[in-house]
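Structural features, examined
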Amino acid sequence: MVVYALPSRAEARPFRAALVVATLLASALALLQLAVLPPLEVPWGWLVPTFSWIGWFMMVVGLMVWDRRPTSLVGLLLAVIGLLILGANLANTNRVWPVVIGVLLAEAPIAALLHLVLAFPSGLLPGPLARGLVAVAYGSCIGWQVPIYAYGSELGAVTWLTVDPDPDLVSL
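Residues numbered from 1 in each chain as written. Predicted model: local features only at pLDDT ≥ 70, side-chain atom pairs only at ≥ 80, totals over all residues. Heavy atoms only, no water.

**So, the nonpolar core**
What counts here: What is meant by a nonpolar core is a set of buried Ala, Val, Leu, Ile, Met, Phe, Trp, Tyr and Cys residues, joined one to another through side-chain atoms within 4.5 Å. Partly exposed residues are those whose accessible area sits between 20% and 50% of the maximum for their type, while under 20% is buried and over 50% is exposed, using a 1.4 Å probe and protein chains only. Helix numbering and strand numbering both begin at the N terminus, where a helix is a DSSP run of H or I of at least 4 residues and a strand a DSSP run of E of at least 2.
Of all hydrophobic cores here, the largest spans 13 residues; its most connected members are Ile-81, Leu-116 and Leu-125. Considering each element in turn, this core owes the most residues, six residues, to helix H3 (residues 74–88). Among the nonpolar cores identified, the runner-up in size contains six residues, and Leu-19, Ala-26, Leu-63 and Trp-66 belong to it.

Here you go:
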């Protein structure tokens, strides 16, 4: 079992300032996403902007938890989940690079949530089995998205990510 020393008040001030800056950056990212999200003309179109709010809320709550207990990494994991939700929501924008980032991070919050569940309550993974499960989860949720989107053709909106199987495009 790992035991951490609690930080003194002098050490906590820069940490708290960094958390405030991270909260402001998360707020700016969520507001920027809300500004560039195109209106969706579908019955569930109202749901897309709520992902920005959910990601922002998770990030702010995680930073507050991390400020309350800096020795536990649970708050950091919550903040990472919120940041990944914000990143995955970039796939709903109509800009090129944010869509690429959002498409590649679409499943990443699932792996981070598994990481949080296995690491609770200390924020540290208890053994090699848990570390292996988390590594496989991150690898499958992020790493396997690349070939799915590179060689899949059902995405329509992001077809520029798809590798074209036409042999006439390449000649030696």
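**Points about the side chain of Ser-52**
Put simply, the rule is: Note on contacts: a residue pair is in contact if any heavy atoms of the two residues lie within 4.5 Å.
Within the secondary structure, Ser-52 sits in helix H2 (residues 47–68). By relative accessible area, Ser-52 is classed as buried at 0%. Sequence-distant contacts of Ser-52, defined by excluding residues within four places in its chain, comprise Ala-30, Gln-33, Leu-34, Leu-37, Leu-86 and Asn-89.

**Here we look at a nonpolar patch on the surface**
Our working definition: Patch definition: residues above 30% relative accessible area lacking any salt bridge, with like charges linked at up to 9 Å and the nonpolar side chains Val, Leu, Ile, Met, Phe, Trp and Tyr linked at up to 5 Å. Under the convention used here, a 1.4 Å probe and the Shrake-Rupley method define accessible areas, while residue burial counts only the protein chains that appear. Salt bridges are counted wherever a side-chain nitrogen of Lys or Arg sits within 4 Å of a carboxyl oxygen of Asp or Glu.
On the surface, Leu-40, Val-42, Trp-44, Trp-46, Leu-47, Phe-51 and Ile-54 cluster together to form a nonpolar patch covering roughly 680 Å² of accessible area. Accessibility expressed as a relative area gives 35% for Phe-51, which makes it partly exposed.

**Side note on the environment of Phe-51**
Structurally, Phe-51 is set in helix H2. A C-alpha to C-alpha distance of 9.8 Å links Phe-51 and Leu-90, two positions 39 residues apart in sequence. Setting aside its immediate chain neighbours within four residues, Phe-51 contacts Ile-85 and Asn-89.

**Examining the side chain of His-115**
Put simply, the rule reads: Each polar contact in these results corresponds to two N or O atoms within 3.5 Å; when the atoms are within protein, one needs to be able to donate a hydrogen and the other to accept it, and residues that are neighboring in sequence are counted only if both atoms are side-chain atoms.
For His-115, the location among the structural elements is in helix H5 (residues 108–119). Overall, the relative accessible area of 17% leaves His-115 in the buried class. Here Tyr-138 takes part through its side chain, which lies 3.2 Å from a polar atom of the side chain of His-115. What His-115 contacts, discounting residues up to four positions off in sequence, is Leu-77, Leu-125, Val-134 and Tyr-138.

**A few points about the packing of aromatic side chains**
We apply this condition: Classification of ring pairs rests on two measures: the distance between centres of Phe, Tyr or Trp rings, Trp counted by its six-membered ring, which must be within 6.5 Å, and the angle between planes, read as stacked under 30 degrees, edge-to-face over 60 and tilted in between.
Counted according to the given criterion, the structure contains one aromatic pair. Between Trp-53 and Trp-56, the aromatic rings sit 6.3 Å apart at their centres with planes inclined by 85°, giving edge-to-face as the arrangement. Of the two residues, Trp-53 and Trp-56 are both situated in helix H2; the distance of three residues between them amounts to about one turn of the helix. Assessed through its relative accessible area of 44%, Trp-53 is described here as partly exposed.

**Points about unusual backbone geometry**
Of note, the bond from Phe-120 into Pro-121 is cis; its omega dihedral lies within 30 degrees of zero at 5°. For Pro-121, the location among the structural elements is in the loop between H5 and helix H6 (128–143).

**Here we look at the packing of H5 against H6**
Where we set the bar: All axes are obtained by fitting lines to C-alpha atoms, using only the stretch in contact for helices, and the reported angles, taken between N-to-C directions, cover 0 to 180 degrees. Roughly parallel covers angles under 35 degrees, roughly antiparallel covers those over 145, roughly perpendicular covers 65 to 115, and oblique covers all other angles. Ten residue types, Ala, Val, Leu, Ile, Met, Phe, Trp, Tyr, Cys and Pro, are classed as nonpolar, four, Asp, Glu, Lys and Arg, as charged, and the remainder, Gly among them, as polar.
Where H5 meets H6, the axes come as close as 8 Å, and the angle between the chain directions of the two elements is 170°. The angle between H5 and H6 places the two elements in the roughly antiparallel class. Packed against H5, whose contacting residues are Ala-108, Ile-110, Ala-111, Ala-112, Leu-114, His-115 and Leu-118, the element H6 presents Ala-130, Leu-133, Val-134, Ala-137, Tyr-138, Cys-141 and Ile-142 at the interface. Classifying every residue of the contact of H5 with H6 by side-chain character gives 13 nonpolar, one polar and no charged.

**With respect to the packing of H3 against H5**
Two elements in contact, H3 and H5, have axes separated by 9 Å at closest approach and are oriented at 170°. As far as their axial angle goes, H5 and H3 are roughly antiparallel. Of the residues in H5, those touching H3 at Val-74, Leu-77, Leu-78, Ile-81, Leu-84 and Ile-85 are Ala-108, Pro-109, Ala-112, Leu-113, His-115, Leu-116 and Ala-119. The residue makeup of the contact of H3 with H5, split by class, is 12 nonpolar, one polar and no charged.

**Description of the environment of Ala-119**
Looking at the secondary structure, you find Ala-119 in helix H5. Considering only alpha carbons, one finds Ala-119 and Leu-77, 42 residues apart in sequence, at a separation of 9.1 Å.

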